[in-house]
Amino acid sequence: MNMDIPTINALPYEDFVNIFGNVVEKCPIITAAVWSRRPFESLTDLEAAISQFIDALSESGKEGILRCHPDLAGRDLQSGTLTRESREEQAGAGLDALGPAEALRMTRLNEDYKQRFGFPFVICARMNDKTRILLQLSERCQHERAVEIERGVEEVKKICRLRLQALVRTNASNKL
């Protein structure tokens, strides 16, 4: 799907939420809330509205967004229950083709991370490969909790930006 901004601005609430409801993983409430901020002038404006909504959340709200993300290369990937977007993103990073040692390390690090912080490790898989993801997961396990909440939210925004770019046509005609 590749819609222009005037088309997006004309979408009824239900259609808007159905189309954009997973730009932040399993958080359609965000796009439901952002719908009322129409009309958007551009993709950047739509993205900013989503980012502002996320930034205004309490710490527990931000943690909730992070908890909606699946483990990387975890049981949801293995069982085929990931969202279409997450499946494509993880496969693109090579997480669906880990060797046995890599898979074991990823599982152990994911468990350590969740135990330490109370939410899964979030990284924009489309901007990384499996080697970089494993390295970041290992390094970020050492951070303070507040740092990881902030870092995780920034990664959510990167994922959101890329998902929006796949749905919204960007060109000069996007201006109202």
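Small disclaimer: the values here were computed from a predicted structure and weren't measured. Every chain's residues receive numbers from 1 upward, in the order its sequence appears when written. Whole-chain, interface and lining totals are the exception, using all residues; otherwise, since this is a predicted model, local features are given only for residues with pLDDT of at least 70 and side-chain atom pairs are given and counted only at 80 or more. With hydrogens and water excluded, all non-hydrogen atoms of the structure serve as input to the side-chain values.

Asker: Describe in detail unusual backbone geometry, supporting the description with residues and values.
Answerer: Cis geometry is adopted by the peptide bond preceding Pro 39, which originates at Arg 38 and carries an omega value of 5°. Secondary structure is summarised from DSSP: a helix means a run of H or I of at least four residues, a strand means a run of E of at least two, and numbering begins at the N terminus for each. Residue placement: Pro 39 occurs in the loop between α3 (28-34) and α4 (43-55). Its identity as a non-glycine residue notwithstanding, Lys 26 has a phi of 55°, on the positive side. At Ala 73, a residue that is not glycine, the phi angle is positive and equals roughly 55°.

Asker: Summarise helix α9 (residues 130-140); cite the residues concerned and give the values.
Answerer: Considered for burial, the residues of α9 that qualify are Ile 133, Leu 134, Gln 136, Leu 137 and Arg 140. One side of α9 holds all its buried residues, which, seen down the axis, span an arc of 165°. Per-residue accessibility, obtained with a 1.4 Å probe over protein chains only, is compared with the maximum for each type, and a residue is labelled buried under 20%, exposed over 50%, and partly exposed between these values. An arc is given here, and it is the one of the directions from the helix axis to the C-beta atoms.

Asker: For the packing of helix α8 (residues 100-117) against α9, give the residues involved together with the corresponding values.
Answerer: Axis lines are fitted through C-alpha atoms, for helices just across the contact stretch, and the angle between N-to-C directions can take any value from 0 to 180 degrees. At a closest axis distance of 10 Å, the pairing of α8 and α9 adopts a crossing angle of 35°. Of the two elements, α8 crosses α9, and the hand of that crossing is left-handed. Only Lys 130, Ile 133, Leu 134, Leu 137, Ser 138 and Arg 140 of α9 make contact with α8, whose side of the interface consists of Glu 102, Arg 105, Met 106, Leu 109, Asn 110, Tyr 113 and Phe 117. Two helices that cross are described as forming a left-handed crossing if the nearer one is turned anticlockwise from the farther one by less than a right angle, and a right-handed crossing if clockwise. Every residue pair with non-hydrogen atoms within 4.5 Å of one another is taken to be in contact.

Asker: Describe in detail the nonpolar core, supporting the description with residues and values.
Answerer: Throughout, nonpolar core names a set of buried Ala, Val, Leu, Ile, Met, Phe, Trp, Tyr and Cys residues whose side chains join them through atoms within 4.5 Å. Phe 20, Val 24, Leu 46, Ile 50, Leu 95, Met 106 and Ile 133 are the most contacted members of the largest nonpolar core, which has 49 residues in total. When contributions to this core are tallied by element, the ones reaching two or more residues are α1 (5-10), α2 (13-20), α3, α4, α5 (59-67), α8, α9 and α10 (145-167). It is α10 that provides the largest number of residues to this core, a total of 8 residues. Among all residues touching Ile 133, those that are not within four sequence positions of it are Leu 72, Ala 93, Leu 95, Met 106, Phe 121, Ile 123, Ala 125 and Asn 128.

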